[in-house]
Amino acid sequence: MSVSVIILAAGAGTRMRSSLPKVLHKICGQEMLSYSVQEALKISEDIHIILFFQHEKIRQHIECSFQDHLHKIFFHIQNHSKYPGTGGALMQNEQQKLIPLKHDQILILNGDMPLITKEELERFIGFKNPVALGVFELENPTGYGRVIIKDNQVKQIIEEKDATPPIKAIRTLNAGVYAFDKKFLETYLPKLTNTNAQKEYYLTDLIDLATKNKLEILPIFVNPKNFMGVNSKSELSKAQDIMLERLRNKAMDQGVIIHLPQTLYLEPSVTFEGECEIQPGVCISGKTKIINSLIKAYSVIESSVIEHSDIGPMAHIRPGCEISQSHIGNFVELKASKIKGAKAGHLSYLGDCEIGEGSNIGAGVITCNYDGKAKHKTLIGKNVFIGSDTQLVAPLEIESNVLIGSGTTMTKNAKEGDLVISRVRQENKNGGFYRFFNPNKK
Ligand code: UD1
Ligand code: CA
(Lines give C-alpha, C1' and ligand atoms only; values in the text may rest on other atoms or scores of the structure.)
(Ligands and ions follow the chains in the order given, each with its own letter.)
Protein backbone atom coordinates (compact mmCIF):
# COMPACT_ATOMS: atom_id res chain seq x y z
CA MET A 1 0.00 0.00 0.00
CA SER A 2 2.06 2.93 -1.23
CA VAL A 3 -0.62 5.32 -2.29
CA SER A 4 -2.12 8.30 -0.46
CA VAL A 5 -5.80 8.93 -1.09
CA ILE A 6 -7.47 12.34 -0.97
CA ILE A 7 -11.26 12.46 -0.78
CA LEU A 8 -12.81 15.80 -1.69
CA ALA A 9 -15.83 16.50 0.50
CA ALA A 10 -15.72 20.24 1.13
CA GLY A 11 -18.28 21.34 -1.45
CA ALA A 12 -21.53 23.05 -0.47
CA GLY A 13 -23.64 20.48 -2.31
CA THR A 14 -26.23 23.14 -3.21
CA ARG A 15 -27.82 21.02 -5.96
CA MET A 16 -28.93 18.57 -3.27
CA ARG A 17 -31.24 21.29 -1.84
CA SER A 18 -30.85 19.99 1.68
CA SER A 19 -29.55 21.13 5.06
CA LEU A 20 -27.76 17.78 5.38
CA PRO A 21 -24.24 17.87 3.88
CA LYS A 22 -24.24 16.16 0.48
CA VAL A 23 -21.75 13.45 1.40
CA LEU A 24 -23.86 12.41 4.40
CA HIS A 25 -26.86 11.59 2.25
CA LYS A 26 -27.41 7.86 2.28
CA ILE A 27 -27.75 5.19 -0.33
CA CYS A 28 -28.99 1.85 0.97
CA GLY A 29 -28.77 3.14 4.53
CA GLN A 30 -25.10 4.13 4.41
CA GLU A 31 -23.68 7.65 3.97
CA MET A 32 -22.05 8.32 0.59
CA LEU A 33 -18.73 9.37 2.13
CA SER A 34 -18.59 6.15 4.16
CA TYR A 35 -18.58 4.11 0.94
CA SER A 36 -15.61 6.14 -0.36
CA VAL A 37 -13.68 5.80 2.90
CA GLN A 38 -14.49 2.08 3.08
CA GLU A 39 -13.08 1.41 -0.41
CA ALA A 40 -10.10 3.76 0.12
CA LEU A 41 -9.14 1.84 3.28
CA LYS A 42 -8.78 -1.30 1.14
CA ILE A 43 -5.95 0.27 -0.86
CA SER A 44 -4.31 2.81 1.48
CA GLU A 45 -3.37 3.63 5.08
CA ASP A 46 -2.93 7.34 4.35
CA ILE A 47 -6.36 8.79 3.68
CA HIS A 48 -7.03 12.53 3.67
CA ILE A 49 -10.55 13.92 3.76
CA ILE A 50 -11.00 17.55 2.75
CA LEU A 51 -13.89 19.28 4.50
CA PHE A 52 -15.35 22.75 4.83
CA PHE A 53 -19.15 23.05 4.88
CA GLN A 54 -20.47 21.47 8.11
CA HIS A 55 -17.05 19.94 8.66
CA GLU A 56 -17.70 19.10 12.32
CA LYS A 57 -20.77 17.05 11.52
CA ILE A 58 -19.03 15.12 8.74
CA ARG A 59 -15.90 14.54 10.79
CA GLN A 60 -17.95 13.29 13.73
CA HIS A 61 -19.75 10.86 11.49
CA ILE A 62 -16.54 9.43 10.02
CA GLU A 63 -14.88 9.20 13.44
CA CYS A 64 -17.87 7.29 14.73
CA SER A 65 -18.13 4.92 11.74
CA PHE A 66 -14.42 4.12 11.35
CA GLN A 67 -13.25 3.99 14.98
CA ASP A 68 -10.71 1.24 14.33
CA HIS A 69 -9.10 3.07 11.41
CA LEU A 70 -8.72 6.62 12.70
CA HIS A 71 -4.92 6.38 12.67
CA LYS A 72 -5.17 6.08 8.88
CA ILE A 73 -7.60 8.97 8.34
CA PHE A 74 -6.62 12.66 8.37
CA PHE A 75 -8.98 15.62 8.14
CA HIS A 76 -8.19 18.95 6.49
CA ILE A 77 -10.32 22.08 6.45
CA GLN A 78 -10.24 23.81 3.08
CA ASN A 79 -9.60 27.55 3.04
CA HIS A 80 -12.74 27.94 1.04
CA SER A 81 -13.00 31.72 0.98
CA LYS A 82 -9.46 32.11 -0.39
CA TYR A 83 -9.15 28.94 -2.48
CA PRO A 84 -12.59 27.68 -3.52
CA GLY A 85 -12.99 24.73 -5.91
CA THR A 86 -11.75 21.18 -6.27
CA GLY A 87 -8.19 22.42 -6.90
CA GLY A 88 -8.38 24.80 -3.94
CA ALA A 89 -9.31 21.81 -1.80
CA LEU A 90 -5.75 20.44 -2.10
CA MET A 91 -4.08 23.67 -1.03
CA GLN A 92 -2.83 24.73 2.34
CA ASN A 93 -3.19 28.30 3.52
CA GLU A 94 -0.02 29.82 2.13
CA GLN A 95 1.14 29.87 -1.50
CA GLN A 96 -1.31 27.23 -2.72
CA LYS A 97 0.98 24.56 -1.28
CA LEU A 98 -0.06 20.89 -1.33
CA ILE A 99 -1.34 19.40 1.93
CA PRO A 100 1.17 16.97 3.54
CA LEU A 101 0.91 13.41 2.22
CA LYS A 102 2.84 10.25 3.06
CA HIS A 103 3.31 8.64 -0.34
CA ASP A 104 4.59 9.75 -3.76
CA GLN A 105 1.61 8.29 -5.53
CA ILE A 106 -1.66 10.14 -4.95
CA LEU A 107 -5.18 9.14 -5.79
CA ILE A 108 -7.82 11.86 -5.65
CA LEU A 109 -11.51 11.00 -5.43
CA ASN A 110 -14.58 13.20 -5.41
CA GLY A 111 -16.51 12.51 -2.20
CA ASP A 112 -19.80 12.13 -4.06
CA MET A 113 -18.98 8.86 -5.85
CA PRO A 114 -20.46 6.22 -3.55
CA LEU A 115 -20.32 3.44 -6.16
CA ILE A 116 -16.53 3.20 -6.48
CA THR A 117 -14.96 -0.19 -5.95
CA LYS A 118 -11.51 -1.24 -4.78
CA GLU A 119 -10.98 -3.16 -8.05
CA GLU A 120 -11.50 -0.05 -10.19
CA LEU A 121 -9.33 2.08 -7.89
CA GLU A 122 -6.49 -0.42 -8.15
CA ARG A 123 -6.33 0.31 -11.87
CA PHE A 124 -5.01 3.78 -10.99
CA ILE A 125 -2.07 2.53 -9.02
CA GLY A 126 1.43 1.59 -10.17
CA PHE A 127 2.21 3.16 -13.54
CA LYS A 128 4.87 5.64 -14.55
CA ASN A 129 2.85 8.59 -15.93
CA PRO A 130 2.75 11.66 -13.66
CA VAL A 131 -0.98 12.05 -14.27
CA ALA A 132 -3.80 9.58 -15.06
CA LEU A 133 -7.42 10.51 -15.38
CA GLY A 134 -10.53 8.35 -15.07
CA VAL A 135 -12.90 8.86 -17.99
CA PHE A 136 -16.16 7.35 -19.15
CA GLU A 137 -18.68 7.84 -21.92
CA LEU A 138 -22.33 8.65 -21.36
CA GLU A 139 -25.31 9.32 -23.63
CA ASN A 140 -26.28 12.26 -21.44
CA PRO A 141 -23.14 14.16 -20.39
CA THR A 142 -24.94 16.88 -18.40
CA GLY A 143 -23.02 18.09 -15.36
CA TYR A 144 -19.69 16.41 -16.13
CA GLY A 145 -16.42 17.97 -17.32
CA ARG A 146 -15.85 17.23 -21.05
CA VAL A 147 -12.56 15.51 -21.82
CA ILE A 148 -10.58 16.07 -25.01
CA ILE A 149 -8.46 13.04 -25.94
CA LYS A 150 -5.99 12.99 -28.84
CA ASP A 151 -3.58 10.12 -29.68
CA ASN A 152 -4.68 8.30 -26.53
CA GLN A 153 -3.60 11.27 -24.42
CA VAL A 154 -5.85 13.53 -22.38
CA LYS A 155 -5.38 17.08 -23.63
CA GLN A 156 -7.91 19.13 -21.67
CA ILE A 157 -10.94 19.02 -19.39
CA ILE A 158 -13.54 21.72 -19.91
CA GLU A 159 -16.15 22.24 -17.23
CA GLU A 160 -19.74 22.41 -18.45
CA LYS A 161 -20.18 25.98 -17.25
CA ASP A 162 -17.19 27.05 -19.39
CA ALA A 163 -18.07 24.96 -22.45
CA THR A 164 -19.21 26.20 -25.89
CA PRO A 165 -22.00 24.18 -27.64
CA PRO A 166 -19.59 22.00 -29.71
CA ILE A 167 -17.60 21.17 -26.55
CA LYS A 168 -20.85 20.42 -24.69
CA ALA A 169 -21.62 17.79 -27.35
CA ILE A 170 -18.53 15.75 -26.32
CA ARG A 171 -19.51 12.55 -24.57
CA THR A 172 -16.15 11.56 -23.13
CA LEU A 173 -16.32 12.73 -19.54
CA ASN A 174 -14.22 13.29 -16.44
CA ALA A 175 -15.16 10.56 -13.95
CA GLY A 176 -13.79 12.49 -10.95
CA VAL A 177 -10.86 10.21 -10.11
CA TYR A 178 -7.25 11.23 -10.67
CA ALA A 179 -3.85 9.66 -10.05
CA PHE A 180 -0.98 12.11 -9.59
CA ASP A 181 2.68 11.93 -8.93
CA LYS A 182 3.34 14.00 -5.79
CA LYS A 183 6.13 16.00 -7.46
CA PHE A 184 3.75 16.97 -10.23
CA LEU A 185 1.19 18.26 -7.73
CA GLU A 186 3.81 20.11 -5.71
CA THR A 187 5.03 21.83 -8.86
CA TYR A 188 1.77 22.67 -10.58
CA LEU A 189 -0.75 23.26 -7.78
CA PRO A 190 0.75 26.70 -6.99
CA LYS A 191 0.32 27.58 -10.68
CA LEU A 192 -3.48 27.03 -10.75
CA THR A 193 -5.60 30.11 -11.36
CA ASN A 194 -9.30 30.81 -10.95
CA THR A 195 -10.04 32.54 -14.25
CA ASN A 196 -13.23 30.65 -15.12
CA ALA A 197 -17.01 31.05 -14.98
CA GLN A 198 -17.19 30.01 -11.32
CA LYS A 199 -14.03 31.86 -10.16
CA GLU A 200 -12.83 28.61 -8.60
CA TYR A 201 -9.51 26.76 -8.60
CA TYR A 202 -10.38 23.73 -10.70
CA LEU A 203 -8.46 20.53 -10.08
CA THR A 204 -9.23 19.77 -13.71
CA ASP A 205 -7.08 22.70 -14.91
CA LEU A 206 -4.02 20.75 -13.74
CA ILE A 207 -4.54 18.66 -16.87
CA ASP A 208 -4.23 21.77 -18.99
CA LEU A 209 -1.03 22.76 -17.19
CA ALA A 210 0.39 19.27 -17.70
CA THR A 211 -0.25 19.30 -21.46
CA LYS A 212 1.20 22.78 -21.78
CA ASN A 213 4.33 21.37 -20.19
CA LYS A 214 4.34 18.46 -22.63
CA LEU A 215 3.53 15.81 -20.03
CA GLU A 216 1.65 12.69 -21.08
CA ILE A 217 -1.72 12.14 -19.40
CA LEU A 218 -3.12 8.68 -19.47
CA PRO A 219 -6.88 8.25 -19.83
CA ILE A 220 -8.21 5.27 -17.87
CA PHE A 221 -11.62 4.20 -19.13
CA VAL A 222 -13.84 3.20 -16.22
CA ASN A 223 -17.35 1.81 -15.88
CA PRO A 224 -19.78 4.75 -15.36
CA LYS A 225 -21.80 2.52 -13.01
CA ASN A 226 -18.88 2.61 -10.57
CA PHE A 227 -18.09 6.30 -10.84
CA MET A 228 -21.36 8.13 -11.18
CA GLY A 229 -21.29 11.49 -9.35
CA VAL A 230 -24.23 12.28 -7.08
CA ASN A 231 -25.15 15.96 -7.06
CA SER A 232 -28.95 15.89 -6.76
CA LYS A 233 -31.72 13.83 -5.19
CA SER A 234 -32.53 12.21 -8.53
CA GLU A 235 -28.89 11.14 -8.96
CA LEU A 236 -29.00 9.87 -5.37
CA SER A 237 -31.89 7.57 -6.29
CA LYS A 238 -30.12 6.42 -9.47
CA ALA A 239 -26.98 5.58 -7.49
CA GLN A 240 -29.12 3.68 -4.99
CA ASP A 241 -30.66 1.68 -7.82
CA ILE A 242 -27.19 0.62 -8.96
CA MET A 243 -26.16 -0.27 -5.40
CA LEU A 244 -29.36 -2.27 -4.91
CA GLU A 245 -28.74 -4.21 -8.09
CA ARG A 246 -25.28 -5.14 -6.75
CA LEU A 247 -26.63 -6.21 -3.36
CA ARG A 248 -29.42 -8.30 -4.88
CA ASN A 249 -27.03 -9.98 -7.33
CA LYS A 250 -24.63 -10.78 -4.51
CA ALA A 251 -27.45 -12.37 -2.51
CA MET A 252 -28.63 -14.40 -5.52
CA ASP A 253 -25.05 -15.53 -6.20
CA GLN A 254 -25.04 -16.85 -2.63
CA GLY A 255 -28.15 -18.89 -3.40
CA VAL A 256 -31.00 -16.67 -2.22
CA ILE A 257 -34.17 -16.99 -4.34
CA ILE A 258 -35.53 -13.50 -4.99
CA HIS A 259 -38.89 -13.05 -6.70
CA LEU A 260 -39.11 -9.75 -8.64
CA PRO A 261 -35.65 -8.65 -7.46
CA GLN A 262 -36.22 -5.07 -8.61
CA THR A 263 -38.78 -4.70 -5.78
CA LEU A 264 -36.45 -5.81 -2.97
CA TYR A 265 -34.77 -3.16 -0.77
CA LEU A 266 -31.53 -4.27 0.88
CA GLU A 267 -28.64 -2.65 2.73
CA PRO A 268 -24.96 -3.69 2.68
CA SER A 269 -25.16 -4.78 6.32
CA VAL A 270 -27.81 -7.45 5.56
CA THR A 271 -26.48 -11.01 5.32
CA PHE A 272 -27.97 -14.32 4.21
CA GLU A 273 -27.01 -17.86 5.08
CA GLY A 274 -28.23 -21.20 3.79
CA GLU A 275 -31.30 -21.35 1.58
CA CYS A 276 -33.51 -18.30 1.75
CA GLU A 277 -36.42 -17.16 -0.36
CA ILE A 278 -37.76 -13.65 -0.64
CA GLN A 279 -41.09 -12.72 -2.15
CA PRO A 280 -41.80 -9.34 -3.84
CA GLY A 281 -41.81 -5.93 -2.17
CA VAL A 282 -39.72 -6.87 0.87
CA CYS A 283 -37.56 -4.31 2.71
CA ILE A 284 -34.64 -5.60 4.78
CA SER A 285 -32.37 -3.13 6.55
CA GLY A 286 -29.73 -2.66 9.23
CA LYS A 287 -27.66 -5.46 10.72
CA THR A 288 -30.07 -8.22 9.74
CA LYS A 289 -29.13 -11.86 9.31
CA ILE A 290 -31.46 -14.25 7.55
CA ILE A 291 -30.77 -17.96 7.75
CA ASN A 292 -32.75 -20.66 5.89
CA SER A 293 -35.96 -18.64 5.96
CA LEU A 294 -38.85 -17.58 3.78
CA ILE A 295 -39.79 -13.90 3.79
CA LYS A 296 -43.21 -13.39 2.26
CA ALA A 297 -44.39 -10.38 0.27
CA TYR A 298 -44.28 -6.79 1.59
CA SER A 299 -42.62 -7.59 4.89
CA VAL A 300 -40.26 -5.11 6.58
CA ILE A 301 -37.34 -6.45 8.60
CA GLU A 302 -34.96 -4.18 10.53
CA SER A 303 -31.75 -5.19 12.38
CA SER A 304 -32.90 -8.66 13.46
CA VAL A 305 -31.88 -12.30 13.18
CA ILE A 306 -34.30 -14.69 11.49
CA GLU A 307 -33.52 -18.38 11.40
CA HIS A 308 -35.49 -21.34 10.00
CA SER A 309 -38.68 -19.27 10.03
CA ASP A 310 -41.30 -17.87 7.74
CA ILE A 311 -42.28 -14.25 8.00
CA GLY A 312 -45.23 -12.37 6.50
CA PRO A 313 -46.82 -11.49 4.19
CA MET A 314 -46.91 -7.90 5.47
CA ALA A 315 -45.14 -8.50 8.78
CA HIS A 316 -43.03 -5.84 10.47
CA ILE A 317 -39.98 -7.08 12.34
CA ARG A 318 -38.49 -4.07 14.14
CA PRO A 319 -34.94 -3.87 15.50
CA GLY A 320 -33.61 -6.29 18.08
CA CYS A 321 -35.63 -9.44 17.30
CA GLU A 322 -34.32 -12.97 17.32
CA ILE A 323 -36.74 -15.31 15.65
CA SER A 324 -36.02 -18.99 15.15
CA GLN A 325 -38.12 -21.96 14.02
CA SER A 326 -41.21 -19.77 14.12
CA HIS A 327 -44.11 -18.69 11.96
CA ILE A 328 -44.90 -14.98 11.95
CA GLY A 329 -47.96 -14.18 9.84
CA ASN A 330 -49.62 -11.15 8.32
CA PHE A 331 -49.93 -7.84 10.16
CA VAL A 332 -47.77 -8.99 13.04
CA GLU A 333 -45.43 -6.35 14.46
CA LEU A 334 -42.49 -7.47 16.58
CA LYS A 335 -39.95 -5.38 18.45
CA ALA A 336 -36.95 -6.43 20.57
CA SER A 337 -38.40 -9.89 21.08
CA LYS A 338 -37.02 -13.43 21.23
CA ILE A 339 -39.26 -16.02 19.70
CA LYS A 340 -38.30 -19.68 19.40
CA GLY A 341 -40.45 -22.42 17.95
CA ALA A 342 -43.66 -20.39 18.27
CA LYS A 343 -46.48 -19.13 16.07
CA ALA A 344 -48.05 -15.68 15.80
CA GLY A 345 -50.23 -15.93 12.73
CA HIS A 346 -52.21 -12.73 12.54
CA LEU A 347 -52.64 -9.12 13.67
CA SER A 348 -50.46 -8.86 16.77
CA TYR A 349 -48.08 -6.46 18.47
CA LEU A 350 -45.39 -8.33 20.36
CA GLY A 351 -42.81 -5.98 21.89
CA ASP A 352 -40.08 -6.59 24.52
CA CYS A 353 -41.13 -10.20 25.00
CA GLU A 354 -39.77 -13.72 25.02
CA ILE A 355 -41.88 -16.59 23.75
CA GLY A 356 -40.99 -20.23 24.31
CA GLU A 357 -41.30 -23.33 22.15
CA GLY A 358 -44.71 -24.67 21.18
CA SER A 359 -46.54 -21.48 22.15
CA ASN A 360 -49.35 -20.13 19.99
CA ILE A 361 -50.24 -16.47 19.92
CA GLY A 362 -53.84 -15.92 18.74
CA ALA A 363 -55.01 -13.19 16.39
CA GLY A 364 -55.06 -9.72 17.88
CA VAL A 365 -52.86 -10.46 20.90
CA ILE A 366 -51.09 -7.37 22.15
CA THR A 367 -48.26 -6.95 24.61
CA CYS A 368 -49.00 -3.67 26.39
CA ASN A 369 -45.30 -3.01 26.96
CA TYR A 370 -45.40 0.74 27.58
CA ASP A 371 -47.12 2.34 30.57
CA GLY A 372 -46.53 5.91 29.38
CA LYS A 373 -43.25 6.19 31.28
CA ALA A 374 -41.22 3.02 30.75
CA LYS A 375 -41.13 -0.16 28.69
CA HIS A 376 -41.72 -3.50 30.44
CA LYS A 377 -41.10 -7.12 29.52
CA THR A 378 -43.49 -9.98 28.90
CA LEU A 379 -42.08 -13.47 29.45
CA ILE A 380 -44.03 -16.34 27.97
CA GLY A 381 -42.97 -19.92 28.65
CA LYS A 382 -43.33 -23.07 26.54
CA ASN A 383 -46.65 -24.44 25.22
CA VAL A 384 -48.62 -21.38 26.16
CA PHE A 385 -51.85 -21.00 24.20
CA ILE A 386 -53.01 -17.40 24.11
CA GLY A 387 -56.56 -16.91 22.82
CA SER A 388 -57.34 -14.17 20.33
CA ASP A 389 -57.74 -10.56 21.36
CA THR A 390 -55.81 -10.91 24.59
CA GLN A 391 -53.92 -8.01 26.12
CA LEU A 392 -50.82 -8.85 28.10
CA VAL A 393 -50.16 -5.89 30.39
CA ALA A 394 -46.42 -5.88 31.13
CA PRO A 395 -44.45 -6.50 33.26
CA LEU A 396 -45.84 -10.01 33.08
CA GLU A 397 -44.60 -13.55 33.41
CA ILE A 398 -46.49 -16.54 32.10
CA GLU A 399 -44.98 -19.91 32.99
CA SER A 400 -45.11 -22.94 30.67
CA ASN A 401 -48.28 -24.92 29.88
CA VAL A 402 -50.76 -22.10 30.40
CA LEU A 403 -54.07 -21.62 28.59
CA ILE A 404 -55.42 -18.09 28.25
CA GLY A 405 -59.03 -17.59 27.22
CA SER A 406 -59.68 -15.29 24.31
CA GLY A 407 -60.45 -11.67 25.17
CA THR A 408 -58.53 -11.77 28.44
CA THR A 409 -56.87 -8.66 29.82
CA MET A 410 -54.02 -10.16 31.76
CA THR A 411 -52.41 -8.08 34.51
CA LYS A 412 -51.26 -10.85 36.89
CA ASN A 413 -48.58 -13.50 36.37
CA ALA A 414 -49.70 -17.06 35.56
CA LYS A 415 -48.30 -20.26 37.06
CA GLU A 416 -47.54 -23.55 35.30
CA GLY A 417 -50.77 -25.34 34.36
CA ASP A 418 -53.12 -22.33 34.87
CA LEU A 419 -56.19 -21.51 32.81
CA VAL A 420 -56.47 -17.72 32.76
CA ILE A 421 -59.66 -15.96 31.80
CA SER A 422 -61.00 -12.45 32.46
CA ARG A 423 -64.23 -11.91 30.65
CA VAL A 424 -67.75 -10.57 31.34
CA ARG A 425 -70.37 -13.36 31.19
CA GLN A 426 -72.51 -13.36 28.04
CA GLU A 427 -76.26 -12.67 28.32
CA ASN A 428 -78.83 -13.46 25.54
CA LYS A 429 -82.10 -11.49 25.74
CA ASN A 430 -84.82 -13.18 23.77
CA GLY A 431 -86.60 -10.81 21.29
CA GLY A 432 -84.19 -7.96 21.95
CA PHE A 433 -83.60 -7.48 18.22
CA TYR A 434 -87.25 -6.64 17.56
CA ARG A 435 -87.60 -4.43 20.62
CA PHE A 436 -84.65 -2.39 19.39
CA PHE A 437 -85.48 -2.03 15.69
CA ASN A 438 -89.28 -2.23 15.68
CA PRO A 439 -90.69 -1.60 19.13
CA ASN A 440 -94.37 -1.61 17.84
CA LYS A 441 -94.20 -5.20 16.61
CA LYS A 442 -95.44 -7.70 19.18
C1 UD1 B 1 -16.51 17.55 -10.86
C2 UD1 B 1 -15.45 17.85 -11.94
C3 UD1 B 1 -16.01 17.40 -13.29
C4 UD1 B 1 -16.32 15.91 -13.23
C5 UD1 B 1 -17.29 15.59 -12.07
C6 UD1 B 1 -17.39 14.09 -11.89
C7 UD1 B 1 -14.20 19.82 -11.20
C8 UD1 B 1 -13.97 21.28 -11.37
N9 UD1 B 1 -15.14 19.27 -11.95
O10 UD1 B 1 -17.66 18.34 -11.17
O11 UD1 B 1 -15.05 17.65 -14.31
O12 UD1 B 1 -16.88 15.48 -14.47
O13 UD1 B 1 -16.80 16.16 -10.84
O14 UD1 B 1 -18.34 13.74 -10.93
O15 UD1 B 1 -13.53 19.21 -10.42
N16 UD1 B 1 -15.32 19.97 -3.44
C17 UD1 B 1 -14.41 20.40 -2.50
N18 UD1 B 1 -14.13 21.73 -2.43
C19 UD1 B 1 -14.68 22.65 -3.27
C20 UD1 B 1 -15.59 22.19 -4.25
C21 UD1 B 1 -15.89 20.85 -4.31
O22 UD1 B 1 -13.88 19.61 -1.72
O23 UD1 B 1 -14.37 23.84 -3.14
C24 UD1 B 1 -15.66 18.54 -3.47
C25 UD1 B 1 -17.16 18.28 -3.36
O26 UD1 B 1 -17.54 18.11 -2.02
C27 UD1 B 1 -17.35 17.01 -4.19
C28 UD1 B 1 -16.18 17.05 -5.17
O29 UD1 B 1 -15.27 18.02 -4.71
O30 UD1 B 1 -17.24 15.85 -3.43
C31 UD1 B 1 -16.64 17.42 -6.57
O32 UD1 B 1 -17.31 18.66 -6.51
P33 UD1 B 1 -18.65 18.92 -7.29
O34 UD1 B 1 -19.13 20.28 -7.03
O35 UD1 B 1 -19.58 17.79 -7.08
O36 UD1 B 1 -18.07 18.87 -8.79
P37 UD1 B 1 -18.86 18.58 -10.14
O38 UD1 B 1 -19.56 19.80 -10.56
O39 UD1 B 1 -19.67 17.35 -9.99
CA1 CA C 1 -20.15 15.98 -8.34
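Structure shown above.
The following paragraphs examine the structure supplied in this document. Predicted model, so just to flag it, every value in this text is computed and none were measured.

**A short note on the coordination of the calcium ion (ligand 2)**
Every protein donor of the calcium ion (ligand 2) is accounted for by D112 (OD) and N231 (OD1), and the metal-donor separations fall at 2.2 to 2.4 Å. Taken together, the residues span a long stretch of sequence, with D112 in the loop between β6 (105-110) and α3 (118-122) and N231 in the loop between α7 (224-227) and α8 (233-253) at a distance of 119 residues. Overall, the relative accessible area of 10% leaves D112 in the buried class.

**Focus: the site of ligand 1**
What surrounds ligand 1 is a group of 24 residues, the closest being L8, G85, T86, E159 and N174. A distance of 3.2 Å separates an oxygen atom of ligand 1 from a polar side-chain atom of N231. Alone, ligand 1 offers 760 Å² of accessible surface; in the complex the protein occludes 91% of this. A majority-of-atoms criterion places ligand 1 in the largest pocket. Considering each element in turn, the shell around ligand 1 owes the most residues, 3 residues, to strand β10 (residues 172-181).

**Considering the layout of surface pockets**
Over the atoms rolls a probe the size of a water molecule, and in doing so it shows where empty space is left. A volume near 1,200 Å³ is recorded for the largest pocket. Around the largest pocket sit 46 residues that line it, and R15, K22, T86, D112 and N231 are the ones nearest its centre. If one sorts the elements of the lining of the largest pocket by residue count, β10 sits on top with 4 residues. In terms of residue class, the lining of the largest pocket is made up of 17 nonpolar, 21 polar and 8 charged.

**Details of the sheet that holds strand β24 (residues 338-340)**
Strand order in this open sheet of 8 strands is β13-β16-β19-β22-β24-β26-β29-β32, and the pairing throughout is parallel. Unpaired on one side and paired on the other, β13 (271-273) and β32 (396-398) mark the two borders of the sheet. Sheet twist, expressed as the average angle between the axes of neighbouring strands with direction ignored, equals 5°.

**A closer look at unusual backbone geometry**
In most cases, non-glycine residues show a negative phi, while peptide bonds are predominantly trans. Between G312 and the following residue, P313, the backbone shows a cis peptide bond with an omega angle of 5°. If you trace the backbone, P313 turns up in the loop between β20 (310-311) and β21 (316-317). Here the amide bond leading from A394 into P395 is cis, since omega sits at 5°, within 30 degrees of zero. Tracing the backbone shows P395 in the loop between β31 (391-393) and β32. For S303, which is not glycine, the phi dihedral falls at a positive 35°.

**Some words on the pattern of salt bridges**
For the structure on display, the rule yields 18 salt bridges. Of the charged contacts, one joins K289 and E273 as a salt bridge, the two residues approaching to 3.2 Å between their closest N and O atoms. Of this pair, K289 sits in strand β16 (residues 289-291) while E273 sits in strand β13, and the two are 16 residues apart along the sequence. We classify K289 as partly exposed; its relative accessible area is 33%. A relative accessible area of 38% means that E273 is categorised as partly exposed.

**A look at the side chain of R146**
Note that R146 resides in strand β8 (residues 146-150). Overall, R146 belongs to the buried group, its relative accessible area being 2%. Within the local environment of R146, its side chain forms a polar contact with the side chain of E160, the two groups lying 3.0 Å apart. Other than its neighbours up to four places away in sequence, R146 contacts P141, Q156, I157, I158, E160, I167, K168, I170, T172 and L173.

So, how was this worked out
Residues numbered from 1 in each chain as written. Chains lettered and ligands numbered in written order. Predicted model: local features only at pLDDT ≥ 70, side-chain atom pairs only at ≥ 80, totals over all residues. Heavy atoms only, no water. Donors = N, O, S within 2.8 Å, 3.2 Å for Na, K, Ca; no water. Helix = DSSP H or I, 4+ residues; strand = E, 2+ residues; numbered from the N terminus. Buried < 20%, exposed > 50% of the residue type's maximum accessible area, 1.4 Å probe, protein only. Near = heavy atom within 4 Å. Polar contact = N/O pair within 3.5 Å; in protein donor to acceptor, adjacent residues only side chain to side chain. Areas by Shrake-Rupley, 256 points an atom, 1.4 Å probe, with all protein chains shown as cover. 1 Å grid on protein atoms, 1.4 Å probe; cavity = no way out; pocket = protein on both sides within 12 Å on 5 of 7 lines; lining within 4 Å. Sits in = over half its atoms within 2 Å of the grid points. Points joined across faces, edges and corners; volume = space filled by probe spheres on them. Nonpolar A, V, L, I, M, F, W, Y, C, P; charged D, E, K, R; others polar. Pairing = 2+ DSSP bridges. Axes fitted to C-alpha atoms, helices over the stretch in contact; angles between N-to-C directions. Salt bridge = Lys/Arg side-chain N within 4 Å of Asp/Glu carboxyl O. Contact = heavy atoms within 4.5 Å.

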